[in-house]
Structures are given as structure tokens and as C-alpha cells.
Amino acid sequence: MRRALLIVVPYLWLLALFLVPFVIVLKIALSDYNLSIPPYSPQYDPSSGWQGLRDMFAAFDFENFVFLTEDDLYWKAYLSSLQIALISTLLSLLVGYPIAYAMARAPEQWRPTLMMLVILPFWTSFLIRVYAWKGILSTEGYLNQLLLGLGAIEQPLTILNTDTAVYIGIVYTYLPFMILPIYAALDKMDGSLLEAAEDLGCSRLSAFWLVTVPLSRNGIIAGSFLVFIPAVGEFVIPALLGGSDTLMIGKVLYEEFFNNRDWPVASAVAVILLLILVIPIVLFQRNQQKQRELDG
Amino acid sequence: MPEKTFEPWNDPTEKPLIEFKGVSKRFGSFTAIDNQTFDIYAKEFFALLGPSGCGKTTMMRMLAGFEAPTEGHILLGGQDMAPIPPNKRQVNMMFQSYALFPHLSVWENIAFGLKRDGKDKATIAARVDAMLKLTRLEKFSQRKPHQISGGQRQRVALARSLAKAPKLLLLDEPLGALDAKLRQETQFELMDIQEKTGTTFVIVTHDQEEAMTVASRVAVMDDGRIVQVDTPDRIYENPNSTYVADFIGDVTILEGRVTPVDGGFDLAFAEDQPAIYAKSSQHLASGQTAYLAIRPEKVSVTPEKPADRRNVIRGKILDIAYLGNLSTYHVALPGGQIIKAQTANTRRLANRPFTWEDEVWLSWTDTAAVLLER
């Protein structure tokens, strides 16, 4: 009885906060655009009873999903989002791995401080931090002033409102999610493994590739998913730092909802986005599962 | 023809495999190794024995190349090892934690070093299979380290460090993680493998029984210095200091002033007791302070005063430690000193002759005790 209760509670939670909203969004995606409040039809009237429910289901269609395939804006936005997320993930890995490595090799008494520094940005609102990058990256921003002052460049660089700014924003925002799992993996590693590798004829570099990297593999995979999954649907960063030609599905979604007020098409975009992300999420879960088995 | 015994250290024509020449190692202001000079010969099973923090692990890490001596030289086959990094030395190490690569199978772990040497596939496979056979691990070759037992992991670590056929194999507390029974079996296995492969082994241990069992020679270390290097029997029977006598096995040490007599010395250790006599070739001045070390198994316990022995003391049994095969008696003298005596329990316990508070006579022969200057 108590066990059943323990299992039921989290499932109720998932049902209320994930499944119900998803069903509502799916319902809107299957509806048609209409000038009304809310702006779609059919709408279910509880007083119409059983017949009303049947009429509603009869009115559902996949028109909006078909529409998504007809206008190439959408699949281009999906592809571009995946590409930006993938490149950002690789960049985060390139930046995050050395940081995590240095943290794991740092003297014991320094590690809490270094960990603190990685987590510290979370104490400020995400929105404010992304806004701050506007001040740094704009033509008159601090970065350009610094580079001009040093004489490194003649003309100010145009970084803000380009894809580069989006990459910088995503890597900056999600870097801690890359660092922490890799650090956890490296921290657990027994230092004598590297000595053993050297003893058996490895140079420092080959010991890194043959021992350190494989042993931090699960941290790399976890960190990559933690960056990739939210980056695909990212809206704030491309909206604030990206240019008008930065195409990301999060922005398209926002415009459908709030500029066109076409809730059904926007919902269809959201449903497809979710389906695309289910694949990496399932892969991520499997990686975590495997990790637990190895540790257990 | 007399059987040739393995004693290269007594043969002046024999060239040592490893020479320590005035080696010191300091970490900041702390001296881990203090100006040590000694030799290790090919095919030896050499044990570095000492309490934790005595510098034995530092000694081994210098041989492996993970630490460089602050002063002095270490020579391997006459060649100075200082400029050779660990991955180029013909020395392999078996780590205390085994340090098996958790992402590789047993087979791949053993093949790791061979692959780094760029050997061809057939050679590697043959060598790995030979190592698996030597350590009886054939059945487990495809398992990962976390899927095998502690004893099997220990053998994988041994096989991996032997795979490259090093000139010198270093073993850092190799049996520390095993339980007592498995450890004993493994000690004999180690000796067997050492003999079969003809590799020179240097073992670091804090377990004196282990060092005595496996080693051809034992170096007893204390505080960065080797106190005595000798064969296990000489370390036990002829310790050169009270430190060695006390560290190896059980011993009673009596302190007193000596008087030369009859090719030996009388030691006066207490005012109310007769002096104790020990034969000794030591050169001690009359009236000098010296120490007498006597092993418990050389002390006889009798209910009556034995007539034929020179060293006879009366005491009362304070404690009895029953070890199954042996019993150790702690006998208190009237002056408060305690002398340990050990007897073999050749008869069943029901017939035990002594019990607590019994008055007994302790006695030993003239040559049983060792007289030490420090």
C-alpha cells in the first residue's frame, strides 16, 4: 500500500505538469485558426455533453502539421536550430572540458571556491545576464572599446545581432551544465590510473586520450545533452543577441503565438519540437541508466 | 656436489642490477630518504619493510620514475636512470590500488603496455594469453575489472605489470587488500611466479610476515634510512639494533650494564635479579649500557628450577595468549619487568600445565639471546 502510494505520487505529478499541458497543446494544434477568444475552434462546451465531445473530435485535423511542411520557413528553422545547438554544444565541450579538468586537478582546498565560481552566475537573473552581453558585444561595447584601445583592430567588429553572438550567448549560459558532469567524472578518477598508464609506456598525452577521456565519457555525454536539449528550443538568446536572419525555432514559435496570434500553428510547431527532442532525451536517460549500473 | 645457494650479495664478482648511490629525497624541508647506498641483484626478491611513513614507498616511486632523487644516483644495469621518464624505463609497477583501467576488459588491461610498444597483433595475443595462463585468469579475460573478485583483480594487476617482461618489477603493498587466508596463498603464488619468470622483484610492505615469507633479502627501514639489509633468518636471529629486533616478530628487550665474562657478557638488568649471561662477539666496554633481545620461543617455562641452565629467572604468569598452535605467556618478574615466553601446544589444551598467577621458572641457553648496543 505504501509502496503503491510512493509510486503513484510522482506519476500524478508527471500527469498534472507534463501530460495534461501536452494534451492541451496537442488539442490546439489539431484545431483551426478562428477569430475568437481563445483564437481557435472547435471549443468544447461542457453543457453540450457527449454529442459535443464527438463533434469536437470530428472537427480535428492535421491541417496545421501539413502546413508546416508546405512553408519552408519551418523546416529551415528546425534545421538551423539543431545546427546552432550542435555547434554550441561542441563549443561548450571545448571550453568546458579544460575548465573541468583544471578544477579536478586543482589543490583540494581550492575546489569548493572554483565550484562556487562556476555556479555563481546562477545567482543573477538569466535575462539580465544575456542583456549584459548586449553591452559587451555591441559596436560601442566594452569588447570593441578594449580591442580598439589595444590597437588590435581598426574598425569596431560587428558581433551583436549575428549568429556569433548567439553562439557566445548559448555557450556562456549553458557552460556550467557542461562543466559540472565532466568535473564529477574526472574528480572520481583514481590518479594512479594515469601513473599506471605512464608506467606501461604511455606519454602524458596518450595517457590522456587512452585513459582520462574514456573515463570521463559519461560526463561528456551527460553535459552535451544538458546543453543540446535546451539550446534547440532556445528563444531568449537569439531574440536578444541574434540578428533578424538568425533562424531558430524558438523565435518562430514566439512570433506565431504573439505576432500572428495563430495558436494552432504555433502549437503544431511546439509538438514537432517536442518530438524532435524526445530522441536525445531518451538517449540521455539511457546514458544515465548505464552510468548507474556501472557505479552500482 | 653441494647445492648452489642463491646469494649474489656475497659474491664480489657479481654485478648488481640496481645501485643506489647516496640517494636522498626531500619534499620541502621534510627528508623522506636520507643518503642511502645499497644494491639489489638480478633475480632477487627484495623487500622494503617498515612502518608507514618510513620512506619505503618513496624509494619505490623513485625506481619507477615518478619521483626524482634530490641527491645521488640510481643505476639500473650500470646506467643512470635519472634522465629516463617512467614510460621509457624497463621497470613496471604493480600499484597498491591495482589501478586497473575500469573501461577495459581483463584482456585489454594486460595488452595495454604491449600495444604501446607497437608490437604486432599475433605477438600481443600470444603474450597476453601466456600471462592469463600464468595467473590462471583464462576464464575471465573478457570481464571488466568491476566484474571480478579482489583476488582476481590482484592477479590481473600482476599479469599486466609482468606482460612487458620488465627487468624489474615493483610491487607496492600488493596483497594489502586481500584477506588473511588469500594473502598467504598469494604469497606463495608470487614466489612461484617470480621463480618461473626470473624477474627481479622489489616489494614494499609493512607486513613483516609477508616480507619474511617472500623475500630473498629484507631491508628494514626507519625514518628514511635502511637500518638493516639481510636474509630473513639473519634479520630475525641477528638483528643489528633493538629497532629491528622489535619490528620483526615478538621480542623481550632488557636494558642493563654489561661486564665481560667467558667470551660473552653478563647483563645486570635489575638490582634484585641475578645477571643474565649471553655469548657475544660484540666489543662492549665494561659498565656500558646494552640491550638484550630474547625471542619468546627461545624461553622455556618450567614449574621447577632447571638445574642445567645459566640463565634462570623466577616470575609469575600475568597473561596467557592462546593462539591455537602456540601459547604466549607474559611472565612478570618481582621488579615489574615482563618477559614473554612461548610454547608450542603439542598436547590438547585440557593438559595445559600453567594458569594465571602460577609461579614459574624461565630459562634460556647462553646463545639464545642477542646482545645489542642500541
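For clarity, every value in this text was computed on a predicted model and none was experimentally measured.

Q: It is not clear to me how the domain arrangement of chain B should be interpreted in this structure. Could you clarify?
A: Frequently, the measure chosen for interface size is the accessible area removed from exposure when the parts meet. Residue and element names in this part refer to chain B. Each domain of chain B was delimited in the assignment, giving domain 1 (8-245) and domain 2 (250-372). The straight-line distance from the C-alpha centre of domain 1 to that of domain 2 is 39 Å. Taken together, the five residues of domain 1 in the interface contact six residues of domain 2.

Q: Would you take a moment to explain the pairing of strand β19 (residues 359-364) of chain B for this structure?
A: Two faces make up the sheet, and in a regular strand the side chains alternate between them. Sheet analysis places strand β15 (residues 300-302) of chain B next to β19 of chain B, joined by three bridges and oriented antiparallel. Across the sheet, V301 of chain B pairs through a bridge with L362 of chain B, a residue of β19 of chain B.

Q: Before we go on, may I ask you to explain the sheet that holds strand β14 (residues 289-294) of chain B in this structure?
A: Whether parallel or antiparallel, the strands of a sheet pair through hydrogen bonds between backbone atoms. Residue and element names in this part refer to chain B. Sheet architecture is open: five strands sit in the order β13-β12-β11-β14-β20, paired in antiparallel fashion. If you trace the sheet from one side to the other, it starts and ends with β13 (276-279) and β20 (370-372), each paired once. Taken over all neighbouring pairs, the strand axes of this sheet differ in orientation by 45° on average, direction set aside. Examined bridge by bridge, β14 and β20 share three bridges and lie antiparallel to one another. When the bridges of β20 are listed, L292 appears paired with L371.

Q: What's the story with the sheet that holds strand β17 (residues 326-332) of chain B in this structure? I'm lost.
A: All names here are of chain B. Pairing is antiparallel in the open sheet, where five strands are placed in the order β15-β19-β16-β17-β18. Among the strands making up the open sheet, the edge pair consists of β15 and β18 (338-344). Across the sheet, the axes of successive neighbouring strands diverge by a mean angle of 45°, strand direction being ignored. Across six bridges, strand β16 (residues 311-322) lies against β19 in antiparallel orientation.

Q: Where do I start with the pairing of β14 of chain B in this structure?
A: Note: strand β11 (residues 252-261) of chain B against β14 of chain B, six bridges, orientation antiparallel. Bridge pairing links I253 of chain B to A293 of chain B in β14 of chain B.

Q: Which parts of the structure should I look at to understand helix α9 (residues 192-199) of chain A?
A: Each α-helix turn comprises 3.6 residues. Residues three or four places apart therefore point the same way. Listing the buried residues of α9 of chain A in full gives L193, A196, A197, E198 and D199 of chain A. Where the residues of α9 of chain A are buried, they touch α10 (204-215) of chain A together with α1 (56-64) and β6 (91-94) of chain B. G201 of chain A lies just past α9 of chain A and shows a positive phi near 110°.

Q: What's the story with helix α1 (residues 2-30) of chain A in this structure? I'm lost.
A: Residues and elements named next belong to chain A. A rise of 1.5 Å per residue sets the reference length of α1, with its 29 residues, at 42 Å; its end C-alpha atoms lie 40 Å apart and thus fit the reference within 8%. The sharpest bend along α1 measures roughly 40° and falls at L15. For α1, the set of buried residues is I28, A29 and L30.

Q: Can you walk me through the interface of chain B and chain A in this structure?
A: Contact residues are listed per partner, giving 16 residues for chain B and 14 residues for chain A. Tallying contributions element by element places helix α2 (residues 106-116) of chain B first for the side of chain B that touches chain A, with three residues. Per-class residue counts for the side of chain B that touches chain A are nine nonpolar, five polar and two charged.

Scoring rules and cut-offs
- Residues numbered from 1 in each chain as written.
- Chains lettered and ligands numbered in written order.
- Predicted model: local features only at pLDDT ≥ 70, side-chain atom pairs only at ≥ 80, totals over all residues.
- Domains from an automatic or database assignment.
- Contact = placed C-beta atoms within 7 Å.
- Pairing = 2+ DSSP bridges.
- Helix = DSSP H or I, 4+ residues; strand = E, 2+ residues; numbered from the N terminus.
- Axes fitted to C-alpha atoms, helices over the stretch in contact; angles between N-to-C directions.
- Buried ≥ 20, exposed ≤ 12 C-beta atoms within 10 Å, placed from the backbone.
- Expected span 1.5 Å × (residues − 1).
- Bend = angle between axes of the 7 residues up to and from the residue.
- Nonpolar A, V, L, I, M, F, W, Y, C, P; charged D, E, K, R; others polar.

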